[in-house]
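One letter stands for each residue in the lines below.
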Amino acid sequence: MKLWNAVLTISLVLMFALSPLAILAETPTAVRPALNAGSYWKYQGSNNGKPLYYADRLEGIEEVNGEKYYVVRQGSHQRYFTLDLGFAMRKNGRGDIINQVTPPIAYFQWPLRVGDRWEQRGVYHVINNSSERYDQEFRVLGYEKVRTRAGEFDAFKLSRKGT
């Protein structure tokens, strides 16, 4: 009986001691996606309890002041994202910059892993020369199945809080 208790105790200790390693080995990660013209994504969120839904379609890549950006159409405007998918600026239909973020808002830090978090501070500039400082915190909350009309997908759940 004492031998059985010792074996059981050692087994439990090993199981609990090694389980974090097993969890880390199986933790899903997401690397930065490779996007091409025509790529699209849909996402949803909320702002003060009001649901928000977006669908973005990538028009292509454009170079501005020596930096490459993904260009996404939003009505008559174009939004510019870094190749890491950080929001950098928006232009109107004439091609004028109407707002710009310094540094670009880092919605993602690649690779994504559940439990990751990052903070960012910067300045949001508007065409009328006004600007606002912003302070944000991002978290990767979980990894879950999401059902859509197109099927079921594994997805990361992220949160963004701040000004």
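Structural data are supplied above this passage.
Residues numbered from 1 in each chain as written. Predicted model: local features only at pLDDT ≥ 70, side-chain atom pairs only at ≥ 80, totals over all residues. Heavy atoms only, no water.

1. Brief notes about the pattern of salt bridges
Here's step 1: A complete count under the given rule lists eleven salt bridges for this structure.
Here's step 2: Taken together, the shared-partner salt bridges in this structure form one network comprising R117, E119, E137 and R139. (Salt bridge = Lys/Arg side-chain N within 4 Å of Asp/Glu carboxyl O.)

2. A look at the sheet that holds strand 6 (residues 87-91)
Here's step 1: The antiparallel open sheet is built from nine strands, whose spatial order is 2-3-4-5-6-7-9-10-11. What marks the edges here is a single partner per strand, and that holds for strand 2 (40-47) and strand 11 (151-162). With direction set aside, neighbouring strand axes in the sheet form an average angle of 30 degrees.
Here's step 2: With six bridges connecting them, strand 3 (residues 50-64) and strand 4 (residues 67-74) associate as antiparallel partners. Opposite L58, over in strand 4, you have V72 as the bridge partner. (Pairing = 2+ DSSP bridges. Helix = DSSP H or I, 4+ residues; strand = E, 2+ residues; numbered from the N terminus. Axes fitted to C-alpha atoms, helices over the stretch in contact; angles between N-to-C directions.)

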